[in-house]
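Secondary and tertiary structure notes
Letter by letter, the chains look like this.
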Amino acid sequence: MASGLHKDLILVILQFLNEKGFKETAHMLEQESGFFFNMEHFEELVLNGDLDEVEKYLFGFTTWDHNSSSKKIFFEIQKLKYLEALNRDDKVTAIDILQNDLKVFASSNEDLYKELTQLVTLDNFSEDAHCGDLSAAREVMLVEIKKLIEANSLFSLDKLVLPDMESNRLQMLINQSLNWQHSLCSNPLPNPEPRTIFVDLECTSSTGQSSTNPNPADMLEDHEDPNSISTSSDSDSMSTATTSTSVDEPTFTGENQSQNSLALNTIDDLPKFVVRTMNFRSLPTSMDFHPIQHSLLLVGTDIGDIRLREVRTNETLASVNFQVREIHRSKFNDIKDPDFIRVSRLSVRRVLWSPDDSLFGVAYSMHMVQLFRYFGRGDIRLHLQIEAHIGSVNDIAFCIPARQLYAITCGDDKTIKVWDTATGAQLHIFEGHEAPVYSVCAPNKENFHFFFSTSIEGKINTWLYDHARSIDDCYAPGRSCSRMSYSSDEKRLFSCGTTREGESYMVEWNENEGTVKRAYQGFNKRSLEVVQFDTSRDRYLAAGDDYLVKFWDMDKSTVLATTNTEGGLMATPRIRFNKEGSLLAVSASGNRIKILATMDGLSLMSIRESHARAAS
């Protein structure tokens, strides 16, 4: 290991020891390595009178004959030890210090040495005018020694101040190493459980044999299977927009009619009851349910408005019309390409709650990101406004890489940026895409130090927060403009997108290899917009396509069921599950959102009994 990295490793270990409370071990490593002089620890030793420990600690960094400053430091320590021995009337120790420790300094200051020698002859040293309070004497000496240390060339600034590091750095490096080792396994398991770091990670099954993953190429199935979807004859029927709580059951089509009992059991878990139709004054462009209050829906529109709706009562709890504190038009002065900013008016590209529900973020089509605090029952307050990108901000995600909430944004300027949600400070910028960045995807678990980004040309990049460049890249199927998403338990990774020619692809990824594990069939051959999708209950996928909502079992490639939600859907409706999968929001024509519910969702909406009566 290079000497520089050896030093870095020692400093990272020091951070680990201090974080885990191994203070004494940390001080031993400081002294033995000589890489970091802990001034706080040194001050504590001096003020407590542990002068032998003070000397021992100093010897890790210098000796008395290194230079004049070091010589003065050790002289001050020996002088204080000598005076303290006299103060407790221990003349034997005082004479020993005088003859053995202080004598080496006599040549540089003979007069002072003589004065110190004369102090031994005093009968009542502690009452003599030369002796004051010991604590005060230690403080005076500490001030002098600190000045000498700061002036000593052996104590450079990098020894007195620890480098700026994210917390839990050693654990993060170990996790990165395990991820790398896992990527090198000949047959990597999807969810390995490392039990030791004494040897390299090796994926083995519960029987001790090497795991055997199917060949991704064998699992990739044909994308085009129009016969796998059947639609109801009344799919074009248009229902009147309503805010009532009546429940109607749309037409569903099972995947395999010969397995009726299994199909019915599966469909019962899907949101098939239309329980609410909500009207808006402009077109909804993004939706997200509150992570804890499962009936609370956040909606952004194509004119920049934000609405917070309680779907059980259809009550608008809060409305925010877009306002900016200050827009710096100079950010656009250098743009020569009129197509660089691809929208002519401001709209919401993405709304998203943070995983801890403390705030939500809004990405706008004109360079702006806003973070709002939510204090309950309609109390929304603007927390931060960030001029994040040049041109459109296409997506926002939240992450917790170091037990601190960060926001990740991407935009038309081909960059990805990471922001401190507390202060709005830019922490990282990532460059490498050759086209506008369409979306970002980050795990919400703590101490996960990577995330994904996708461009409008289908390139997927993997980034580490502490790296300035992508560590891996690949292309989405068909080089489609795609969005990525994890299952709720964050153990499975999916993407869904559409090519310029209108072909749509939805796949599951082998996250460790960057290869397609499974491809899902059943999309319309010509989509005019990028198909939107979502995951539910760690079991289902849903996508808005061909005026329908289509559902898949994650473990099967063909369509499980479809619904037209009584008609009136857009060609590629936007969809969003709540976190427990009991409600599904679907955008519809006429600036509407329809809410679909499972049986559990009916209970959440408090209308299970009315549905039962209607069914009877």
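Nothing here was measured: the structure is a model prediction, and the numbers come from that model.

What the protein chain contains, in helices and strands, is 14 helices and 28 strands. Counting all 616 residues of the protein chain, 50% fall into the buried class. Carbon and sulfur atoms form 48% of the exposed surface of the protein chain, whose accessible area is close to 29,400 Å².

Attention shifts here to the sheet that holds strand E10 (residues 393–399). Judged by pairing direction, the sheet is antiparallel, and its 4 strands sit side by side in the order E10-E11-E12-E13 without closing on themselves. Among the strands making up the open sheet, the edge pair consists of E10 and strand E13 (426–431). Each strand axis lies, on average, 20° off the axis of its neighbour in the sheet, ignoring direction. Pairing geometry for strand E12 (residues 415–420) and E13, over 5 bridges, is antiparallel. Looking across to E13, one finds that Val418 is bridged to His428.

The next point concerns the environment of Gly378. Note that Gly378 resides in the loop between strand E8 (368–374) and strand E9 (380–387). With relative accessibility at 22%, the residue Gly378 sits in the partly exposed group. Here the alpha-carbon distance between Gly378 and Arg309, two residues 69 residues apart in the chain, equals 9.1 Å.

Another point: the nonpolar core. In this structure, Phe37, Phe42, Val54, Leu58, Tyr82, Leu102 and Ile149 are the most contacted members of the largest nonpolar core, which totals 34 residues. For this core, the secondary structure elements donating two or more residues are helix H3 (39–47), helix H4 (51–58), helix H5 (68–87), helix H6 (91–101), helix H7 (110–118) and helix H8 (134–151). The greatest single-element share of this core, amounting to 8 residues, is contributed by H5. Other than its neighbours up to four places away in sequence, Phe42 contacts Phe37, Val54, Tyr57, Leu58, Leu142, Ile145 and Ile149. Counting residues in hydrophobic clusters, the runner-up holds 19 residues, among them Leu296, Val320, Val351 and Tyr374.

On to the confidence of the model for the protein chain, then. Averaged over every residue, the pLDDT of the protein chain is 80; the share at 70 or more is 80%. Here residues 325–344 scores under 50 on pLDDT; set against residues more than four positions off or in separate chains, the count is 34 contacts. Predicted confidence for residues 608–616 stays below pLDDT 50, and this span has 7 contacts to residues more than four positions away or in other chains.

Let us look at a nonpolar patch on the surface. Together, Ile197, Phe198 and Val199 make up a nonpolar patch on the protein surface, roughly 390 Å² of accessible area in all. In this structure, Ile197 sits in the loop between helix H10 (169–184) and helix H11 (216–219).

The phi angle at Asp357 is positive, at roughly 60°, despite the residue not being glycine. You can call Asp357 partly exposed: its relative accessible area is 23%. Here the phi dihedral of His367 falls at roughly 60°; this positive angle occurs in a residue that is not glycine. Summarising the element assignment, His367 is placed in the loop between strand E7 (359–364) and E8. When its relative accessible area of 1% is taken as the criterion, His367 is described as buried.

Looking now at the packing of H5 against H7. Contact geometry of H5 with H7 gives a least axis separation of 11 Å together with a crossing angle of 15°. Comparing their axes, H7 and H5 come out roughly parallel. In this structure, the crossing between H5 and H7 has a hand that is left-handed. Taken together, the residues of H7 that come into contact with H5 (itself represented by Phe75, Lys79 and Tyr82) are Leu112, Leu116 and Thr117.

Our next topic: the sheet that holds strand E27 (residues 583–588). The strands that make up a sheet pair up through hydrogen bonds in the backbone, lying either parallel or antiparallel. Read across the open sheet, the 4 strands follow the order E1-E28-E27-E26; overall the sheet is antiparallel. The sheet terminates laterally at strand E1 (273–279) and strand E26 (575–577), the two strands that pair on one side only. Taking each pair of neighbouring strands and ignoring which way they run, the sheet shows an average axis angle of 20°. Of the pairings in the sheet, the one linking E1 to strand E28 (residues 592–597) comprises 6 bridges and is antiparallel in character. Along E28, the bridge assignment pairs Val274 with Leu596.

A few words now on the side chain of Glu30. Inspection of the secondary structure puts Glu30 in helix H2 (residues 23–33). No salt bridge is formed by the buried Glu30; the nearest opposite charge belongs to Lys23, separated by 8.3 Å. Of note is the side chain of Glu30, whose polar atom sits 2.8 Å from the side chain of Tyr57. Once residues within four sequence positions are removed from consideration, Glu30 is found in contact with Leu14, Phe35, Phe36, Asn38, Tyr57 and Phe61.

Most of E12 is tucked away: 6 of the 6 residues are buried. The two faces of E12 match: Thr415, Lys417 and Trp419 on one face and Ile416, Val418 and Asp420 on the other face are all buried. Hairpin connection, strand E11 (residues 406–411) to E12: the antiparallel pair is bridged by 3 residues, and Lys414 has positive phi, about 70°. In this structure, the hairpin formed by E12 and E13 is closed by a connection of 5 residues, where Gly424 is found at a positive phi of approximately 85°.

Further remarks concern the pairing of strand E3 (residues 296–301). Each regular strand displays side chains that alternate between the two surfaces of the sheet. E3 sits mainly inside the fold: 6 of its 6 residues count as buried. Both faces of E3 are covered, namely the face carrying Leu296, Leu298 and Gly300 and the face carrying Leu297, Val299 and Thr301. As consecutive antiparallel partners, strand E2 (residues 284–289) and E3 are separated by 6 residues. Linking two consecutive strands that pair antiparallel, namely E3 and strand E4 (residues 306–310), is a turn of 4 residues; a positive phi of about 85° is found at Gly304 within it.

Turning our attention to the packing of aromatic side chains. In total, this model carries 16 aromatic pairs according to the counting rule given. Consider the rings of Phe37 and Tyr57, whose centres lie 5.3 Å apart with planes at 50°: the pair is tilted. Here the residue Phe37 occupies a position in the loop between H2 and H3, and Tyr57 occupies one in helix H4, the gap between them amounting to 20 residues. Between Phe37 and Phe155, the aromatic rings sit 5.1 Å apart at their centres with planes inclined by 85°, giving edge-to-face as the arrangement. On the criterion of sequence distance, the pair formed by Phe37 in the loop between H2 and H3 and Phe155 in the loop between H8 and helix H9 (157–160) is long-range, its members being 118 residues apart. Exposure remark for Phe155: the relative accessible area of 3% places this residue in the buried category. The ring of Phe375 has Arg381 lying over it, and the distance from NZ or CZ to the ring centre is 4.2 Å.

What counts and what doesn't
Residues numbered from 1 in each chain as written. Predicted model: local features only at pLDDT ≥ 70, side-chain atom pairs only at ≥ 80, totals over all residues. Heavy atoms only, no water. Helix = DSSP H or I, 4+ residues; strand = E, 2+ residues; numbered from the N terminus. Buried < 20%, exposed > 50% of the residue type's maximum accessible area, 1.4 Å probe, protein only. Areas by Shrake-Rupley, 256 points an atom, 1.4 Å probe, with all protein chains shown as cover. Pairing = 2+ DSSP bridges. Axes fitted to C-alpha atoms, helices over the stretch in contact; angles between N-to-C directions. Core = buried A, V, L, I, M, F, W, Y, C linked by side-chain atoms within 4.5 Å. Contact = heavy atoms within 4.5 Å. pLDDT = per-residue confidence, 0-100. Patch = residues over 30% accessible without salt bridge, like charges linked within 9 Å, V, L, I, M, F, W, Y side chains within 5 Å. Salt bridge = Lys/Arg side-chain N within 4 Å of Asp/Glu carboxyl O. Parallel < 35°, antiparallel > 145°, perpendicular 65-115°, else oblique. Left-handed = near helix turned anticlockwise from the far one by under 90°. Lys, Arg positive; Asp, Glu negative; His and termini not counted. Polar contact = N/O pair within 3.5 Å; in protein donor to acceptor, adjacent residues only side chain to side chain. Phe/Tyr/Trp six-rings, centres within 6.5 Å; stacked < 30°, edge-to-face > 60°. Lys NZ or Arg CZ within 6 Å of the ring centre and 35° of its normal.

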